[in-house]
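If you want the building blocks of each chain, they are given just below.
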Amino acid sequence: MFPKILFIFICLISLITTAEQIEARIKVDAQDNWEIVYNNFSETEHYVARALYTNSSMENGWDKLSISTNPIFKDEIQAEGAGRLEAALTLEKIYYFHLNVKELAPLNKNISQFFEDQEKFVMDSVEKGEGSQDPMLYNAYLIKLQYNAMIDQYNELAEEDKKLSKDEFHQMNYIADMYDVAQKFKVETEGEVDYTKLDDDEIFNIFTERTHCSALFKLKNDLSDIYFGHNTWDSINLTIRIIKEYNFNFNNRWVRSKNIIFSSYPATLSSLDDFYISSHGLISIETTNVLYNDSLYSLINPNSLFAADRAMICNRISNSSKEWAENYIKYNSGTYNNQFMILDKNKVNLVNKSIDLDAFYIAETFPGIGKVNNVTDVLKFGFWSSYNIPYDKELYGMSGIKEVIEKNPERASLLDYDISARAKIFRRDHHTTDSFEGFKKFIRYNKYRTDPFSEGNPSLAISSRADLNGSCSNAYDAKVGVLSELIDKKIKIHLIGGPMYDDEAGIKPFEWATAPKKCSDLPHYLTPEKYTFDWIEFENEFDF
């Protein structure tokens with residue numbers, strides 16, 4: 001079978017170098033031989049999965065990938081077929097994303113062993129224990145099958161000098177969780193950092209390196225709609241982007257959402273940003289909670305589920321925003337600690353202009369602890385914003401932020417929940433987002449030269465341009481949605497790729513030729529020389 005798969009794939013690659021949509025399908029025989037087919041589909045064949053792929057990220061900032069699986073097959077077969085099909089279609093993107101990521105993602109023997117132990121925990125729980133009766137563990141098991149199949153298929157098709165190890169795939173799929181696993185072992189070997197003793201430059205560098213994302217949910221003034229949006233902050237060379245649709249027709253009794261749309265990357269089976277919309281009407285978005293308390297890292301252990309996997313599982317099995325939040329804090333790995341916001345569309349009546357009291361929840365984690373809060377009342381007053389600082393009082397107290405601010409009160413503009421720069425900008429300007437165009441503009445907002453809350457710092461804005469301050473960790477996209485557009489079994493996302501730019505504010509588009517040298521020296525394969533993309537739209541290709 002292998003030569004046949006390779007021949008078909010070579011033909012396929014020659015056809016996906018343009019932005020035309022292509023279709024591929026995958027089938028398996030009784031001997032577990034897999035075959036990927038492009039064109040000439042048989043009407044009598046039972047394909048495990050089919051996919052639609054558009055290689056367009058260099059043209060508009062985003063590739064598009066939609067995969068649908070066939071419910072006549074066991075869940076395990078569906079998962080494997082989906083993983084293999086994604087690897088085949090995104091082979092080139094996976095390799096070059098690996099080159100961009102590998103210097104950013106820490107890797108050593110301890111980290112490698114941790115990931116091996118974590119996978120063994122999941123696989124053994126289902127194959128040797130009672131995990132098949134646990135909705136979180138069983139669906140984590142399906143993700144591992146999908147992931148391992150993606151790795152296998154990639155290495156079957158890749159040229160010899162482009163084959164990748166499992167650890168190298170971990171650097172892509174689990175990069176966000178890996179940062180905290182690395183921190184755990186760093187603390188064990190080097191000891192805890194006393195963040196109160198760091199100078200202001202060191203605190204600011206930690207802020208820029210560990211801070212990821214801004215998010216906003218906005219209730220229109222007349223209660224007729226809700227807008228939601230997010231921008232991702234991370235190293236600018238990670239901008240090989242794919243907007244994905246997983247229409248997985250799993251048969252296990254816990255599945256509530258078969259179709260999930262999310263922003264993503266090559267070789268990643270979750271969003272990582274994170275930004276999801278599910279067919280059951282749940283919208284889930286997060287920003288990362290930064291930890292300034294190294295004593296908690298000892299609580300990280302491999303007998304858990306990584307945040308990347310938990311988020312996808314929660315989207316798949318949860319029936320409400322409350323259930324999503326409660327599921328998320330189960331099997332907490334203590335890695336990639338976030339504030340997840342979950343809105344339940346089914347509990348918002350736009351016609352009657354009413355919101356149920358349990359429509360909007362947040363879930364937050366640190367190592368060893370997870371907290372759930374119903375914040376619907378806050379949203380009903382107009383908006384909810386998120387900016388990398390814990391809301392929950394207990395988590396805020398554990399974070400180490402209070403102690404860092406007490407050392408120098410001026411650090412409040414970075415770290416205080418109520419008076420940090422973004423908190424004040426959100427509070428002052430959320431009223432400007434009552435129109436959808438205003439909302440899209442605001443999620444890309446940065447007027448650091450004139451906005452007093454930014455204090456002349458391009459990182460202290462809704463959409464960071466930290467490269468203007470010598471850092472390489474920028475806000476490099478935006479994803480927004482409108483609740484009223486999620487109707488008639490349609491999911492729509494509005495997206496833009498690349499860092500913000502604003503001629504009126506004197507902020508030019510990011511381009512590698514003029515970027516700080518430490519940024520331009522980063523590998524940045526398959527990224528545009530200059531980021532001047534416009535907004536695009538994505539809708540689900542498959543019915544649910």
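Here is a short report on the structure shown in this document.

Calculation criteria
- Sequence order sets the numbering: in each chain, residues are counted from 1 along the sequence as written.
- With the structure being a predicted model, the display of local features is reserved for residues of pLDDT at least 70 and the display and counting of side-chain atom pairs for 80 or more, all residues being used for whole-chain, interface and lining totals.
- In computing side-chain properties, one takes all heavy atoms of the structure into account and sets aside hydrogens as well as water.
- In this analysis, the protein atoms alone were mapped onto a 1 Å grid. Cavities are point sets where a 1.4 Å probe fits without being able to get out; pockets are open sets with protein on both sides within 12 Å along at least five of seven lines; lining residues have an atom within 4 Å of a point.
- Grid points are joined across faces, edges and corners, and a volume is the space filled by probe spheres set on the points.
- Secondary structure elements follow DSSP: runs of H or I no shorter than four residues count as helices, runs of E no shorter than two count as strands, and numbering proceeds from the N terminus.
- When residue character is reported, Ala, Val, Leu, Ile, Met, Phe, Trp, Tyr, Cys and Pro are called nonpolar, Asp, Glu, Lys and Arg charged, and the others, Gly included, polar.
- Our working definition of a disulfide is a cysteine sulfur pair at a distance within 2.5 Å.

A water-sized probe rolled over the atoms picks out the places where empty space is left. For the largest pocket, the calculated volume is near 1,100 Å³. Only α5 (109–127), α8 (175–190), α9 (200–210) and β7 (233–235) provide two or more residues apiece to the lining of the largest pocket. The dominant element in the lining of the largest pocket, judged by the number of residues it contributes, is α8, at 9 residues. Class assignment for the residues of the lining of the largest pocket results in 19 nonpolar, 15 polar and 8 charged. Considering only enclosed or pocket space, the second largest pocket measures out at about 500 Å³ in volume. Element by element, the count of residues in the lining of the second largest pocket is highest for helix α17 (residues 436–442), at 5 residues. Here the residues of the lining of the second largest pocket are counted per class, giving 7 nonpolar, 3 polar and 10 charged.

Turning our attention to the state of the cysteines. If you walk through the whole model with that rule in mind, you get 1 disulfide. For Cys-472, the disulfide goes to Cys-519, at an S-S distance of 2.2 Å. Disulfide Cys-472-Cys-519: torsion about the S-S bond near -105°, hence left-handed. Of this pair, Cys-472 sits in the loop between α17 and β18 (473–475) while Cys-519 is found in helix α18 (residues 517–520), placing the two residues 47 residues apart along the sequence. Summary of cysteine pairing: Cys-213 is not part of a disulfide, and the nearest cysteine sulfur, belonging to Cys-472, is at 17 Å. Cys-213 supplies the cysteine sulfur nearest to Cys-314, a cysteine that is in no disulfide, at a spacing of 18 Å.

What follows covers empty space enclosed by the protein. For the structure shown, the criterion picks out 6 cavities of 30 Å³ or more. Computed from the structure, the largest cavity encloses a volume of approximately 150 Å³. Forming the boundary of the largest cavity are 17 residues, of which Ile-175, Ala-176, Asp-234, Leu-238 and Leu-272 lie nearest the centre. Where the lining of the largest cavity is concerned, the elements lending two or more residues are α4 (91–101), α8 and β7. Here the residues of the lining of the largest cavity sort into 13 nonpolar, 2 polar and 2 charged.

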